[in-house]
Structures are given as structure tokens and as C-alpha cells.
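# Overview (structure and organization)
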Amino acid sequence: MAAKQVFLPIFFILALGFIHLFVFSAQAEAISLERLNSLRVVKRINKNGPFLGLITVYAPEEEAFFKTGVFRPDPRHPFVDLSGRRFRVGKVEGKKVIYVRCGVGLVNAAAATQQMLDLFDIKGIIHFGISGNANSSMQIGDVTIPYQFAQTGLWDWLKPNATMEPNDFAQFDFKSYNDPKRGDNQLGKVGYSTEQFYSISGEVNVPQRPVWFDITKNWLHVASHLQGMKLDQCANSTLCLPYQPKLVVGLKGATSNFFIDNPAYTAFLFKTFGVTSLDMESSAVVMTCLSSGYPVIAIRGLSDLAGSQKGDNTIRLFGPLAALNTAKVVISFVKSLPRKYVSGF
């Protein structure tokens, strides 16, 4: 009787194991089949290439872009789904494009960009979205096209009075912001470290350690001619800015996995790095493109003051306006981009 009692539980455990293995295998096979079908569609799409890649971040930016009505879906292959993202195929101002919404944060941005470059016949990437503003000479609703970006999210978090690491190029000391200024702040300080950057322009398996990542110069030159274009002043019939928003080309931007809504930290970033736009994706897109030698540009609309405002953050209030102005600049850039700057386009 005891032997039977031992045998039955073992039998059920083994049976459950086989069932789980069968279900897992079936799921894996379905995923593989779905991916294979998607890759077949990608192959057919690429026969009509090359394309410009358009990458934005989250739903409000996507809604603003499609609201302009300039995107014309491809009649045969309007989209293909890959790894949970929808890559849309079509035209903007007569130029062939593939558009994707990457999702918030550095990992999402890098993953979507690499996937687009690896699978599609892409000749360059236009990244766009909204951002915080750290520059007092710029205002909500303005659009900036930085000429370079820094990744300000790679930290060495140190003890108070610790020596900075050799690769740290800036320091944020928490005790400098004590209020009142007395006592020790046990949070210590942060050293901003440089990225290990691998690229086709560098030595194989030997990372470079740049602080700044530059936008493609000839694309930036094209963008500079857009300055002075008219941007929207009103988010809707009842919500308008008291000034006319503007486009500025040639400032600096910073990227990290932080939504920044703190005046002291924003002031530190502006003073230390001289940046205007603060976002969570641009440097990842730029670095991924530069790593493989692709042209890239990033366009960011200023939706808020990153904590420097009185009261609540204005991203929900003016985010849609900033996103719409950004989309208008993107469209103008696509229209203005000469074919000679996109090899084979």
C-alpha cells in the first residue's frame, strides 16, 4: 500500500511535466511559425526599398504624427508585426518610410532601432518625440534638433568624499543640495561615466569612450534650413501659448532612464552639460545608428520645464502640442531631405 502511495504522486508529477513540455513546445513552435511568416513579409517589403526609418516613442506622439494625415500606408503590405511591435510601411511626402513606436526608455529605443536596421532596407533613421526643457532661452512648444547627445544615465554611485572613477567626466554631489546646508548627506555623489561604444569606425572589440554622440552633419545641415518654419501656438481652441513657438537647430540634448521633474537636477544638467532637451531615448537611437554607420537625426518638442515650472508638470497639458509641432518638423525634414543624402533612396 505504501508503494502505491509513493508511485501515484510520482506518476502525476511526471504526467504534469510532460503536459507542460508539450504545451511549451507547441507555444514555441507557434512563435517560430509566426516569426517566419513575418520575415517572409519583410523580405517582400524590402523588394520595394530602400526606406527612411521613422522612430517615435509612445502613443501621444504617434497620434500626433498620424493626425497630420501625411502617412500613406502601402496598399499591399501596410505593416508587419515583429517582437510585439508594429512596423508600418508607407510614404511621407512621396518618400518611402518604415515607421515604428519603440516604447519608453533606452532599452526599448535601442532594441527597436537595431531591429529596424537589421531587418529592413533602411538608409537612415529619423527619431522624434517630446522632451523636457533645461534651457531658459527655450520655451514649451518649441522644437529642438540637437547636434549632439550625451547619455547621462550611466552612473558610478560613490560614497561621500570618495575619489571619482577615471572614466567619470562629471560629478553630482548630493550634499551640495542640502537644505539647510548642514550635516552629512549619506547619499554621497554620482560620477557620470562614459559609455563603452563599439562601432564600425573603431577597432574591433576595443570600445571607444566618447561623452558626446554627433548627429549626421549633412542631415543637420538640411534641418538648419527649416528654422523659421511656422509652428502651432494652440493645443486646442481654449488652450494657447502666449508666444509663437520656434524651431532651433544646433543645441545639445541629454538622455537617461529618468523622467526629470526636479529643478535642482535640471539646473545641474544645464550647467554641467549645456543641454536643452532631456529625454529617455534619443542617445540610444543615435548610438545604435552610429555604431553601424547609418545616418541619424533626432527631433524633440519641448513639452515641459523638467521641474522648473511652478505647480504641476505641464507634459499632460502641452504634450500634445509639443508632439504636433515635432511631427510637423519631421514631415518638413523628410520633404526637404535630398535624395543624394540617402544613398540608393
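These numbers were taken from a predicted model, which means no experiment stands behind them. (Residues numbered from 1 in each chain as written. Predicted model: local features only at pLDDT ≥ 70, side-chain atom pairs only at ≥ 80, totals over all residues. Heavy atoms only, no water.)

### Some thoughts on the packing of helix 2 (residues 59-67) against helix 7 (residues 315-336)
In contact at an axis separation of 8 Å, helix 2 and helix 7 are set at 55° when each is read in the N-to-C sense. In this view, helix 2 runs oblique relative to helix 7, as classed from their interaxial angle. As helix 2 runs across helix 7, the sense of the crossing is right-handed. Of helix 7, the residues touching helix 2 (which contributes Pro60, Glu61, Ala64 and Phe65) are Ala323, Leu324, Ala327 and Ile331. Class assignment for the residues of the contact of helix 2 with helix 7 results in seven nonpolar, no polar and one charged. (Axes fitted to C-alpha atoms, helices over the stretch in contact; angles between N-to-C directions. Helix = DSSP H or I, 4+ residues; strand = E, 2+ residues; numbered from the N terminus. Parallel < 35°, antiparallel > 145°, perpendicular 65-115°, else oblique. Left-handed = near helix turned anticlockwise from the far one by under 90°. Contact = heavy atoms within 4.5 Å. Nonpolar A, V, L, I, M, F, W, Y, C, P; charged D, E, K, R; others polar.)

### Details of the environment of valine 41
Position of valine 41 relative to the elements: it lies in helix 1 (residues 2-46). Between the C-alpha atoms of valine 41 and aspartate 81, which are 40 residues apart in sequence, the distance is 9.5 Å. If we ignore the near neighbours within four places in the chain, the residues touching valine 41 are His77, Phe79 and Val80.

### Here's the deal with the side chain of serine 303
Secondary-structure assignment places serine 303 in strand 16 (residues 296-304). What makes serine 303 buried here is its relative accessible area of 1%. The residues touching serine 303, leaving out its near neighbours within four places in the chain, are Ile130, Ser131, Ile140, Thr314, Ile315, Phe318, Gly319 and Ala322. (Buried < 20%, exposed > 50% of the residue type's maximum accessible area, 1.4 Å probe, protein only.)

### A closer look at the state of the cysteines
Taken as a whole, this structure holds one disulfide when the rule is applied. Across a sulfur-sulfur distance of 1.8 Å, cysteine 234 and cysteine 240 are joined as a disulfide pair. An S-S torsion of about 105° defines the bridge between cysteine 234 and cysteine 240 as right-handed. (Disulfide = S-S within 2.5 Å.)

### Some thoughts on the packing of aromatic side chains
Evaluated as defined, the whole model comprises 23 aromatic pairs. Seen from their ring centres, phenylalanine 87 and phenylalanine 120 are 5.4 Å apart, and the 35° between their planes marks the pair as tilted. You can see phenylalanine 87 sitting in strand 4 (residues 85-92) and its partner phenylalanine 120 sitting in the loop between helix 3 (106-119) and strand 6 (122-133), a full 33 residues away along the chain. When its relative accessible area of 0% is taken as the criterion, phenylalanine 87 is described as buried. Overall, phenylalanine 120 belongs to the buried group, its relative accessible area being 4%. Taken together, the aromatic side chains of Trp155, Trp157, Phe169, Phe172, Phe174, Tyr177, Tyr192, Trp212, Phe258, Tyr265, Phe268 and Phe273 make up a single cluster linked through ring pairs. Sitting over the ring of tryptophan 212, lysine 252 keeps its end group 4.5 Å from the ring centre. (Phe/Tyr/Trp six-rings, centres within 6.5 Å; stacked < 30°, edge-to-face > 60°. Lys NZ or Arg CZ within 6 Å of the ring centre and 35° of its normal.)

### Points about the pattern of salt bridges
Across all of its chains, the model carries six salt bridges by this definition. Glutamate 62 is the partner of arginine 101 in a salt bridge, and the nearest nitrogen-oxygen pair spans 3.2 Å. Of this pair, arginine 101 sits in strand 5 (residues 95-101) while glutamate 62 sits in helix 2; the two residues are 39 residues apart in sequence, bridging distant segments of the chain. Arginine 101 gets classed as partly exposed once you look at its relative accessible area, which sits at 36%. Residue aspartate 279 pairs with arginine 300 through a salt bridge whose shortest N-O separation is 3.5 Å. Of the two residues, aspartate 279 sits in strand 15 (residues 277-279) while arginine 300 sits in strand 16, which places them 21 residues apart along the sequence. Arginine 300 shares its class with aspartate 279; the two are buried. Each of Asp279, Glu281 and Arg300 takes part in salt bridges that share partners, so that together they form one network. (Salt bridge = Lys/Arg side-chain N within 4 Å of Asp/Glu carboxyl O.)

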